[in-house]
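Structural characterization, general
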Protein chains: 4
Amino acid sequence: MNINMNEQYRVLIQCNDEKGLVYKVSTVFYHRNLNIISNHEFVDKTHNKFFMRSVVAGDIDVEDLKQELSNVLPKDTILEVVAPRKKRIVLMATKESHALGDILIRYEAGELDAEIVAVVSNYDLLEPLVSKFGIPFYTVSHVGCERDEHESKVLECLKALGEIDYIVLAKYMRILTSRFVEAYEDKIINIHHSFLPAFIGANPYKQAYERGVKIIGATAHFVNNNLDEGPIIAQNVIHIDHAYSWEDMQRSGKDVEKIVLSKALKLALEDRIFVHANKTVIF
Amino acid sequence: MNINMNEQYRVLIQCNDEKGLVYKVSTVFYHRNLNIISNHEFVDKTHNKFFMRSVVAGDIDVEDLKQELSNVLPKDTILEVVAPRKKRIVLMATKESHALGDILIRYEAGELDAEIVAVVSNYDLLEPLVSKFGIPFYTVSHVGCERDEHESKVLECLKALGEIDYIVLAKYMRILTSRFVEAYEDKIINIHHSFLPAFIGANPYKQAYERGVKIIGATAHFVNNNLDEGPIIAQNVIHIDHAYSWEDMQRSGKDVEKIVLSKALKLALEDRIFVHANKTVIF
Amino acid sequence: MNINMNEQYRVLIQCNDEKGLVYKVSTVFYHRNLNIISNHEFVDKTHNKFFMRSVVAGDIDVEDLKQELSNVLPKDTILEVVAPRKKRIVLMATKESHALGDILIRYEAGELDAEIVAVVSNYDLLEPLVSKFGIPFYTVSHVGCERDEHESKVLECLKALGEIDYIVLAKYMRILTSRFVEAYEDKIINIHHSFLPAFIGANPYKQAYERGVKIIGATAHFVNNNLDEGPIIAQNVIHIDHAYSWEDMQRSGKDVEKIVLSKALKLALEDRIFVHANKTVIF
Amino acid sequence: MNINMNEQYRVLIQCNDEKGLVYKVSTVFYHRNLNIISNHEFVDKTHNKFFMRSVVAGDIDVEDLKQELSNVLPKDTILEVVAPRKKRIVLMATKESHALGDILIRYEAGELDAEIVAVVSNYDLLEPLVSKFGIPFYTVSHVGCERDEHESKVLECLKALGEIDYIVLAKYMRILTSRFVEAYEDKIINIHHSFLPAFIGANPYKQAYERGVKIIGATAHFVNNNLDEGPIIAQNVIHIDHAYSWEDMQRSGKDVEKIVLSKALKLALEDRIFVHANKTVIF
């Protein structure tokens, strides 16, 4: 049985908007004598969608609470009641260490409410870094492989790691096919090194240099089938000037990339992100 | 009688936190068949205070709704139900026109949900600008006056203008005494030309220049008895470098000042600001 | 004759890079007994171009100084010696007043080292605002005109205004043809209401809303033949979240637009912008 | 002898301003057939000080070049000609790993043009992290010591490490006495976890929480005798709101702290920082 006293649970609701939703949900909480620790609601008027994230504490049986909430909410509701537990994540990287390293340092400091199950890479270059932290490192080389063949090997590798909550692409520089993306829908977080939708695709810093922009940025997003077009989670920018070569942009951009990716990961681990209509609602 | 159909009302609640507040309030809304347009809640755990701002639409009798909410809420509750109306504001200025001008341009464009009743200044320098916009301008000179005497004249001038929702100090460079502040508690919005609490007092840009800071800022806050120590509403900053003289800082700082002040004013006009323990909660 | 004592002149040099340029230029200044007030140099290594902006004071004959500098600089050099004078600018607008108003308030305060010769618009909507400031307003309606015909009328109107240093498109919502752009090459400053190159074209805020970005921005740029693809002068951004409708983005974006456009105008008036290879070098 | 071909040297000049300085310096470079890679000048008019940083390439004898420049520059000139070499730095920390870890990850990636000689701490808590990177870790406990006694031990430890270019206080939470500061004047870089001069001293995040600020920041500065009052090198901020507890501020603030400290360190390693009158000039 799944009963806990005085622990905090996250109730996540996404459904068509209608009158009385807050009333109905808060009535359930009230009659169960639950404490609302925090409460966020949002109505997307364009799509008539209601989003709610409540953190509640008290004597909770997850399945039972879910059932009762389901009874009062509309038919189509996406409902989750998340009990406290460390999420299992896998990091993927290629050659650059800044985004990966930023996560490792946070992990080591106990900042992440997660277990890093493994790091998977198409090179073995980052193995020495990852090994320092006692995390399993798997090299799945793409050399001499067709894209599909390589991806099959990666998928196998991932499958062997068991249940995964999030895959974090910490500068993993290979394009994923729809097969991969569909296997982990809304579970793959990528960092793109530009202020999307500017500079989609390869070498965004070179593109930015050519265009002569005065600001560069980074975008963390869920991965979907269209390259760099998934739901955006977080973005940030830094000011640059004419004196920046594209290599300077790349160097400076790394700081934005790693902070934005780590921020997106934190939001995901705290169940703060809702996805709808290729956009995110973030509480 | 005060009944309107389908208009939006703002319900503002501030009280000691206890279990069931959201349930109780949403129950009242539900049984009155009101639509919740938007809903924000926050619990200040340090002070055990609950804050809620709901925008509701439907058939509303303000006094009646207030009464019913009062019945279910704790004794100490500060409760307001705000019907849609233009707030009456007075601007005060001295010599600089940037913050004042920014508000005037917005006003002319119909951006502000307010009526600017008058501009009051201790100089007549800005009268030509204000007159362009057809707004009454009152010069209350401080020359040859004691501080108290001057302030009495200003207060008289304000009293003659009738009910005032907010007084906006758009770079009004005179210090207000407690008599003035108490007459308009939590109704006076000031823009201070520094990133408070850095550089309290006179000539913050000169202070910033002397200190060699790399960022300057501006702070909009409610005015209380202690100079520059009232509850902060909004702040912003810009990056500078060694090449800025203090006059350059002043010039560049104006852009931050005016945007921050106008933002704070907008928040106030939309009843988004709660004040408690010398801090603001902003929805 | 063009001799002034102790006034500040701006020397602007753009040429192919070669050894000894700083030496040669500073030797000319030294032997003429000129004081260097400030000095900025940059070498664009990609294009092997040297850029220099010196502010010098002393006894200067513009033509004579230009001649001597020409003698020591490479053949292809673009060289200007700018004596202090107010630049003549024309503002163009359509219906929105925020960017225009921001410039007018600065102008009234004496902040702009320029003379606003006129405001030209395809609507008469902003005439009341502009008239307050005593600036000639010309309505050149596009209604019932082909694009070319309308543009011819605008060009005539501009021609009649005499020499123009800069045309500032303060939210002028008509696309200019190459005929127009070529007539005022590198003299037309536009504000685009997005963070270029994201959201080129119409309704960038709607595009941004659809894409679900977490940051919006504005870009001031010189206008060239390709829509929204001219050299970028200045950019800035603000953070937004899922609760912003596209109308909210538009409203909030106005603050960025006006500040960025006014900043670009200031840079232009101070002769701080060099254009090369569709990019700007800004000192 | 100290002759190198085609390597880049940094020429750093700080002296009283007078006419002809650029001419004189560039004449020396020209006659020695040196290539100017980049050139920055600034005149602090308040203090009549001239600052110049030139990166030059060519056939350079450091002492000889220094001598010739000395001959043409004013008597009081502070002059350095820096040949390319890795600077030797020591990191100091206490318990928090974010700023230290950020530097270690950069170091491992070869991003820093420096050798980290050692990490010194008053706790052994970070030894496991530092050891992963093969860097010597020295614990100099303050437990049971007077401040002076503890500092003597730290100074001894540092002395044993040989010549040190910079000491980086990566959240070293002990106050240094003037004896320590004077031993390493303008060589100690600290990160203070507030936007100085706001919230000097202990627990700045608690202070910020109490004050109800809407922005928090971090400041990297050289350490001098007055706590948190040394020359500022770099600052940055993030926006927060009423929902942040001081612990949330602390958590979020770490990201700013580490990026700002690493940025300041990079500027120092590239010899881009001049110190004068308790302020920095940064090229």
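Presented here is a report on the structure given in the accompanying data block. (Residues numbered from 1 in each chain as written. Chains lettered and ligands numbered in written order. Predicted model: local features only at pLDDT ≥ 70, side-chain atom pairs only at ≥ 80, totals over all residues. Heavy atoms only, no water.)

1. What to know about the relation of the copies chain C and chain D
- Superposition record for chain C on chain D: RMSD 0.0 Å, screw rotation 180°, translation along axis 0.0 Å. The superposition operator between the copies reduces to a two-fold rotation axis. Closest to the rotation axis within chain C is the C-alpha of C:Tyr23, separated from it by 3.1 Å. (Least-squares fit on C-alpha atoms with pLDDT ≥ 70 in both.)

2. So, the sheet that holds strand β9 (residues 188-192) of chain C
Residues and elements named next belong to chain C.
- Spatially, seven strands are ordered β7-β6-β5-β8-β9-β10-β11 in an open sheet, and the strand pairing comes out mixed. The open sheet terminates on both sides in strands that have one partner only, identified here as β7 (137-139) and β11 (232-239). Each neighbouring strand pair of the sheet contributes to a mean axis angle of 20°, computed without reference to strand direction.
- This element, helix α5 (residues 147-159), spans β5 (87-93), β6 (114-121), β7 and β8 (166-169) of the sheet and lies at about 155° to β6.
- Strands in contact with helix α8 (residues 246-269) are β5, β6, β8, β9, β10 (215-222) and β11; relative to β11, the strand with the most contacts, it is inclined by about 150°. (Pairing = 2+ DSSP bridges. Helix = DSSP H or I, 4+ residues; strand = E, 2+ residues; numbered from the N terminus. Axes fitted to C-alpha atoms, helices over the stretch in contact; angles between N-to-C directions. Contact = heavy atoms within 4.5 Å.)

3. Brief notes about the sheet that holds strand β11 (residues 232-239) of chain A
All names here are of chain A.
- Taking strand neighbours across the sheet as the criterion, the seven strands line up as β7-β6-β5-β8-β9-β10-β11 in an open arrangement whose pairing is mixed. The two strands at the open ends of the sheet, each matched to only one other strand, are β7 (137-139) and β11. Taking the axes of each pair of neighbouring strands and ignoring which way they run, one obtains an average angle of 20° across the sheet.
- Relative to strand β6 (residues 114-121), helix α3 (residues 98-108) is tilted by about 150°, and along the sheet it contacts β5 (87-93), β6 and β8 (166-169).
- Along the sheet, helix α8 (residues 246-269) contacts β5, β6, β8, β9 (188-192), β10 (215-222) and β11; its crossing angle with β11, the most-contacted strand, is approximately 150°.

4. Comments concerning the pattern of salt bridges
- Per the counting criterion, the structure on display carries 80 salt bridges over all chains.
- A:Asp248 serves as the salt-bridge partner of A:Arg251, at 2.7 Å between the closest nitrogen and oxygen. Taken together, the residues span about one helical turn, with A:Arg251 and A:Asp248 both in helix α8 at a distance of three residues.
- Given the relative accessible area of 24%, A:Asp248 is considered partly exposed.
- When the shortest N-O distance is used, the salt bridge between D:Lys87 and D:Asp271 registers 2.9 Å. Note that D:Lys87 is positioned in strand β5 (residues 87-93) and D:Asp271 in the loop between α8 (246-269) and β12 (273-276), a separation of 184 residues in sequence. Both residues of the pair, D:Lys87 and D:Asp271, count as buried. (Salt bridge = Lys/Arg side-chain N within 4 Å of Asp/Glu carboxyl O. Buried < 20%, exposed > 50% of the residue type's maximum accessible area, 1.4 Å probe, protein only.)

5. Here we look at the packing of helix α3 (residues 98-108) of chain B against helix α8 (residues 246-269) of chain B
Residue and element names in this part refer to chain B.
- Where α3 meets α8, the closest approach of the two axes is 8 Å, and the angle between their N-to-C directions is 50°. Regarding the angle of α3 to α8, the classification is oblique. In this structure, the crossing between α3 and α8 has a hand that is right-handed. Two secondary-structure elements touch here, α3 through His98, Ala99, Asp102, Ile103 and Arg106 and α8 through Lys254, Glu257, Lys258, Ile259, Leu261, Ser262 and Leu265.
- A breakdown of the residues in the contact of α3 with α8 according to their chemical character gives five nonpolar, two polar and five charged. (Parallel < 35°, antiparallel > 145°, perpendicular 65-115°, else oblique. Left-handed = near helix turned anticlockwise from the far one by under 90°. Nonpolar A, V, L, I, M, F, W, Y, C, P; charged D, E, K, R; others polar.)

6. Focus: the relation of the copies chain C and chain A
- Once chain C has been moved 0.0 Å along the axis and rotated by 180°, it coincides with chain A to within an RMSD of 0.0 Å.
- Both copies contact each other with a shared surface, as 100% of the interface residues of chain C are interface residues in chain A too.

7. Let's talk about the interface of chain C and chain D
- Facing the 17 residues of chain C at the interface are 17 residues of chain D.
- Counting across the chain C and chain D interface gives zero salt bridges.
- For the interface between chain C and chain D, the tally reads five residue pairs in polar contact (both at pLDDT 80 or more).
- Counting only elements with at least two residues in the side of chain C that touches chain D, the list comes to α1 (21-31) and β2 (35-44) of chain C.
- A total of seven residues in the side of chain C that touches chain D trace back to one element, the largest contributor, which is α1(C).
- A breakdown of the residues in the side of chain C that touches chain D according to their chemical character gives six nonpolar, seven polar and four charged. (Polar contact = N/O pair within 3.5 Å; in protein donor to acceptor, adjacent residues only side chain to side chain.)

8. Focus on the interface of chain C and chain A
- Each partner contributes to the interface: chain C provides 33 residues, whereas chain A provides 33 residues.
- With both sides pooled, the region where chain C packs onto chain A buries about 2,700 Å², and carbon together with sulfur makes up 59% of that total.
- Summed over the three residues of chain C that lose the most area to chain A, namely C:Arg211, C:Lys214 and C:His242, the buried surface amounts to 25% of that side.
- If you list the elements that add at least two residues to the side of chain C that touches chain A, you get β2, α7 (204-211), β11 and β13 (279-282) of chain C.
- Take the side of chain C that touches chain A: its biggest share by element is seven residues, from β11(C).
- Residues that form the side of chain C that touches chain A fall into these classes: 17 nonpolar, nine polar and seven charged. (Buried area = accessible area lost by both parts, 1.4 Å probe.)

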